[in-house]
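Structural overview
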Amino acid sequence: MLKQIEGSQGMAEAIALCRPQVVCAYPITPQTHIVEGIGAMVKSGALKGCEFINVESEFAAMSVAIGASAAGARAYTATASQGLLFMAEAVYNAAGLGLPIVMTVGNRAIGAPINIWNDHSDAMALKDAGWIQLYAETNQEAADLHILAFRIAEELSCPVMVCVDGFILTHAFERIDVPSQEQVDRFLPPFAPVQMLDVANPYSIGAMVGPEAFTEVRYLGHQKQIDALDVIPALAAEFEAVFGRPAGGLVRPYRIEGAETVVVALGSVNGTIKDVVDAERAAGARVGSVTIAAFRPFPLQALGAALAGVRRVICLEKSLAPGLGGMLASNVRMALQGSGTPVHTVIAGLGGRPITRDGLTRMLQAAATGGLEDVTFLDLNRPVVEAQLAAARRQRHSGPIAENLLKAVNHGPGPRRVPDRAAPGQTAPQEAKP
Amino acid sequence: MTEETTGSTPGPASPAAATQRVRFYQTGTHTLGNRLMDAESRTVQASTDRANAITSGHRACQGCGEALGARYALDAAMRAAGGKVVAVNATGCLEVFTTPYPETSWQIPWLHSVFGNAPAVASGVAAGLRMRGQKDVRVVAQGGDGSTTDIGFGCLSGMFERNDDVLYICYDNEAYMNTGVQRSSATPPAARTATTPALGAAPGNVFGTGKNLPRIAMAHEIPYVATASVADLHDLEAKVTRAMAICGARYIHVHVPCPLGWGSASHDTIRLARLAVESGLFPLFEAEHGEVTAVKKIRRKVPVEDYLRPQRRFAHLFRPGHEDTQRLAAIQAMADANIRRYGLTEEAPL
Ligand SMILES: Cc1ncc(C[n+]2csc(CCOP(=O)(O)OP(=O)(O)O)c2C)c(N)n1
Ligand code: SF4
Ligand SMILES: [Mg+2]
């Protein structure tokens, strides 16, 4: 049924159609509306056979989901940002135990400085926790991926993280085709666990494993992800057959025929990228793009095939590996081994910084003239950065960086002395030697 | 004399018992216990029908109070729930010494996730079982004092506050034993641990610190809170049985001496546990909805010194010629305060 609704509401309705049995909720922007929506459906009686549990932390949310899943129930939770890091230990544990929990991550930056807006730092921080990671491009896909996620998770007995861009997808009102219960039931059979706490058949789950078998346990976890490279496209095809529209998959190339420069990205920014590709193509530039829909498992072969023969690849990344540059680029290079194709990192959209068509166009034009460095920060405010660096060189006690930058952004990066913060009786902070 | 009693015939309600025959040794002595009592009052452990939830062959140290307490507690829970119990375990000695495959000691369904989340995992198991229509299966969560009073405290408080249908049992050996005897917030004052060494002017753990988890549990006004000790296994079983008859969040805090961590003889585990109770340092009581409803009177009060002296973790209090009378008096005052607070002696009514 077509509805003009908030992305979070669309996801909540799709998740409810998956008949979750235990849903744990803990508030953090921008995922809150999703669990609120599910909670309302449980409370009103619209969603039956589901227990909605208000927990005391994200760590508890994932832990309750672990217990519920091990008891054989379909378990779901959602989080973002600080919340994902707060539950990190349990996130790894869920994957290690092979529990098919589905979790939405409303992608948001990680502090400090605290920032509630969108980027991918949270999901990237846990990219190697053993979870499958799917990234949604549109509100429709954000809803649909959850239906796929439960099916993929239970097929493989592996938890799945559905990554949706905070605000851009969670809070935008768009037209969403919400499927019928009958369709979802046809696609998603009841949960049939591969392991379960059962008094009729008691065994230990989560026992200690020493060096004699730990590598093998990890190998099998890796193998599950490798298997997912087949399972994900197969289920995406099945999804399309049942629901009449595509969703998920591994990679989605866009206008890459004959492309010299291809932009690779995760999530909703691919919409803007495609607009820019269209405009540049119209102007005669040979550009294209590839959406990575599944980041874990990383689709090495599918991506390698899509990027075969291109002159250069630009990874547009909403996260940063300080001291290295791009996490996406270092993964993409694995897909291009031996090809010699240069892979650039463009860090963009951090903490909700808008990624504009102008910015992307300039980026593509710089790339075409060979003017793109290995690691670039899109639309970086250079003068403000330089002023802070200069201030820090001038003065040992240069003060908190975030505060200084905000002042500079709001009042201009003129030279300013940080107020003397020395306590009474102490000597003033020393000037740093150049 | 060693002789096997009648072979076990596991009751239908106890499917796990089928996996190992229960053996009793030294029959004809009082070891089996309760021979003079009527059948109803005998301990669960004295029965060949016991679930044997934690079977033999695990790797606990000789004289481990935690192994003893857990076995009595789980078997009592199994009997009370008609054999339908799922156990959740925090990381710690109990988890480590019972599990390495292929030698897991658990004959009931058992789940370990991480160190600080056992109460939340148990809440999830309970919810999952309810949603699967298995309302008669009960959940027992367990952890050491470190996992309970420190790292898992937030999850425990959440489980209490939601009144989730979980019995949580804390095995309190008064330190982080599994990592080599470090201080927890249940470590008593003056005790030497690896992180409160017996050095300097105030050797051992600091006075005036730590938290009283049974009272914190009571503050949540949950249906049932009890303290128990391996000194009185009958009482421990009775309290577990009582807890299993109640729905909602329940908490039992069991005092379990640890020979390794306390520097005590392994044959002194029960004796030390008894001295802790009889000195007043570890009061035994029950509380319902935040109010104390029953206390176990001390039969023969002993000075705290009797309890402290056999433990090497307190040796610095008893250096020949340098007895630390001041700190001993402070510990005695703690015991006396407990006796007054709970009315532990006949003279001190509740
Ligand atoms: C998050 C985390 N921190 C620390 C540890 C290390 N650790 C494992 S068991 C343990 C001690 C357990 O102490 P307690 O809960 O009192 O149980 P005991 O071993 O004394 O029975 C510690 C510190 C861990 N496994 N996980
Ligand atoms: S260290 Fe203590 S608690 Fe751990 S197994 Fe040994 S006696 Fe038991
Ligand atoms: Mg301990």
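Just so it is clear, the model here is predicted, and its values are computed rather than measured.

Within chain B one finds 11 helices and 10 strands. Residues counted as buried form 57% of the 350 residues belonging to chain B. Taking the contacts inside chain B whose residues are at least 6 apart along the sequence as the reference set, 70% of them involve residues at least 24 apart. Taken as a whole, chain B presents about 14,000 Å² of accessible surface, with 53% of it coming from carbon and sulfur.

Let us look at the site of ligand 1. Residues in contact with ligand 1 amount to 17 residues; listed here are only the nearest, Glu 66, Cys 93, Gly 146, Ser 147 and Met 177 of chain B. Site remark: ligand 1 is flanked by residues from chains A and B. A distance of 2.9 Å separates an oxygen atom of ligand 1 from a polar backbone atom of Cys 93 of chain B. Ala 175 of chain B has a polar backbone atom sitting 3.0 Å from an oxygen atom of ligand 1.

Here we take up the site of ligand 2. All names here are of chain B. Taken together, Ala 60, Cys 61, Cys 64, Cys 93, Phe 97, Asn 173, Cys 258, Pro 259 and Leu 260 make up all the residues around ligand 2. Broken down by secondary-structure element, the contributors of at least two residues to the shell around ligand 2 are α2 (93-98) and α8 (259-262). The residue makeup of the shell around ligand 2, split by class, is 8 nonpolar, 1 polar and no charged.

This part is about the packing of helix α3 (residues 118-131) of chain B against helix α5 (residues 153-161) of chain B. All names here are of chain B. The geometry of α3 relative to α5 is characterised by a closest axis approach of 7 Å and an angle of 35° between their N-to-C directions. On α5, the residues that touch Pro 119, Ala 120 and Ser 123 of α3 are Cys 155, Leu 156 and Met 159. Per-class residue counts for the contact of α3 with α5 are 5 nonpolar, 1 polar and no charged.

What follows concerns unusual backbone geometry. As a rule of thumb, non-glycine residues mostly have phi less than zero, and peptide bonds are mostly trans rather than cis. Residues and elements named next belong to chain A. Going from Gly 111 to Ala 112, the amide bond is cis rather than trans, its omega being 5°. Along the chain, Ala 112 turns up in the loop between β5 (102-107) and α6 (121-125). Going from Arg 296 to Pro 297, the amide bond is cis rather than trans, its omega being 0°. Considering the arrangement of structural elements, one finds Pro 297 in the loop between β13 (294-296) and α11 (300-306).

Before going further, it helps to spend a moment on the side chain of Ser 204 of chain A. Along the polypeptide, Ser 204 of chain A turns up in strand β9 (residues 204-205). At 2.7 Å, the side chain of Ser 204 of chain A and the side chain of Thr 104 of chain B are in polar contact. Those residues in contact with Ser 204 of chain A that lie beyond four places of it in its chain are Tyr 101, Thr 104, Trp 106 and Trp 110 of chain B.

Turning to the nonpolar core, a few remarks are in order. All names here are of chain A. In terms of nonpolar packing, the biggest core is built from 99 residues, with Met 62 and Val 332 touching the most fellow members. Per element, the largest residue contribution to this core is 9 residues, and it comes from helix α3 (residues 58-70). Here this core spans two domains, since at least three of its residues come from each of domain 1 (2-198 + 209-243) and domain 2 (251-377). By size, the runner-up hydrophobic cluster in this structure holds 53 residues, among which are Ala 16, Ile 34, Val 35 and Ala 294.

With that settled, consider the coordination of the magnesium ion (ligand 3). Surrounding the magnesium ion (ligand 3) are the protein donor atoms Asp 145 of chain B (OD), Asn 173 of chain B (OD1) and Ala 175 of chain B (O), at 2.0 to 2.1 Å. By relative accessible area, which is 1% here, Asp 145 of chain B ends up buried.

The interface of chain B with chain A comprises 40 residues on the first partner and 34 residues on the second. When chain B packs against chain A, the two sides together hide about 2,800 Å² of surface, and 63% of this comes from carbon and sulfur. Here chain B and chain A share 2 salt bridges between them. Its salt-bridge partner being Glu 51 of chain A, residue Arg 130 of chain B comes within 2.4 Å of it at the nearest N-O pair. Elements with a contribution of two residues or more to the side of chain B that touches chain A: β1 (85-89), α2, β2 (110-112), α3 and α5 of chain B. Looking at which element gives the most residues to the side of chain B that touches chain A, the answer is α3 of chain B, with 10 residues. Two elements, β9 of chain A and β2 of chain B, share 2 bridges in a ladder whose sense is parallel.

Turning our attention to helix α2 (residues 32-44) of chain A. Residues and elements named next belong to chain A. Here α2 is 13 residues long and its end C-alpha atoms lie 18 Å apart, about the 18 Å a rise of 1.5 Å per residue gives. Contact partners of the buried residues in α2: α1 (7-17), β2 (22-25), β3 (51-54), β4 (75-79) and β5. Backbone geometry just after α2 places Gly 45 at a positive phi near 95°.

Residues and elements named next belong to chain A. With burial as the criterion, each face of strand β6 (residues 132-135) is covered, one bearing Ile 132 and Leu 134 and the other bearing Gln 133 and Tyr 135. The sheet contact formed by β6 and strand β7 (residues 160-165) spans 4 bridges and is parallel. Within β7, the residue paired with Gln 133 across the bridge is Met 161. This β-α-β element, β6 to helix α7 (residues 139-156) to β7, shows right-handed connectivity. Direction of pairing for β6 relative to β13: antiparallel, over a ladder of 2 bridges. Across the sheet, Gln 133 pairs through a bridge with Arg 296, a residue of β13.

What follows covers the domain arrangement of chain A. Residue and element names in this part refer to chain A. Segmentation of chain A into domains returns domain 1 (2-198 + 209-243), domain 2 (251-377) and domain 3 (381-434). For domain 1 versus domain 2, the distance between C-alpha centres works out to 27 Å. Facing the 25 residues of domain 1 at the interface are 25 residues of domain 2. Of the roughly 1,900 Å² buried where domain 1 meets domain 2, counting both sides, 55% is carbon and sulfur surface. Contact with domain 2 buries surface across domain 1, with Met 124, Tyr 135 and Glu 137 losing the most and accounting together for 33% of the total. Our count for the domain 1 to domain 2 interface comes out at 5 salt bridges. For the salt bridge of Lys 274 with Glu 137, the shortest nitrogen-to-oxygen distance reads 2.7 Å. Put simply, domain 1 and domain 2 have 15 residue pairs in polar contact (both at pLDDT 80 or more) between them. Of all the elements in the fold, those that place two or more residues in the side of domain 1 that touches domain 2 are α6, β6 and α9 (214-243). The residue makeup of the side of domain 1 that touches domain 2, split by class, is 13 nonpolar, 6 polar and 6 charged.

The rules behind each value
Residues numbered from 1 in each chain as written. Chains lettered and ligands numbered in written order. Predicted model: local features only at pLDDT ≥ 70, side-chain atom pairs only at ≥ 80, totals over all residues. Heavy atoms only, no water. Helix = DSSP H or I, 4+ residues; strand = E, 2+ residues; numbered from the N terminus. Buried < 20%, exposed > 50% of the residue type's maximum accessible area, 1.4 Å probe, protein only. Contact = heavy atoms within 4.5 Å. Areas by Shrake-Rupley, 256 points an atom, 1.4 Å probe, with all protein chains shown as cover. Near = heavy atom within 4 Å. Polar contact = N/O pair within 3.5 Å; in protein donor to acceptor, adjacent residues only side chain to side chain. Nonpolar A, V, L, I, M, F, W, Y, C, P; charged D, E, K, R; others polar. Axes fitted to C-alpha atoms, helices over the stretch in contact; angles between N-to-C directions. Core = buried A, V, L, I, M, F, W, Y, C linked by side-chain atoms within 4.5 Å. Domains from an automatic or database assignment. Donors = N, O, S within 2.8 Å, 3.2 Å for Na, K, Ca; no water. Buried area = accessible area lost by both parts, 1.4 Å probe. Salt bridge = Lys/Arg side-chain N within 4 Å of Asp/Glu carboxyl O. Pairing = 2+ DSSP bridges. Expected span 1.5 Å × (residues − 1). Right-handed = clockwise from strand over helix to strand, strands pointing away.

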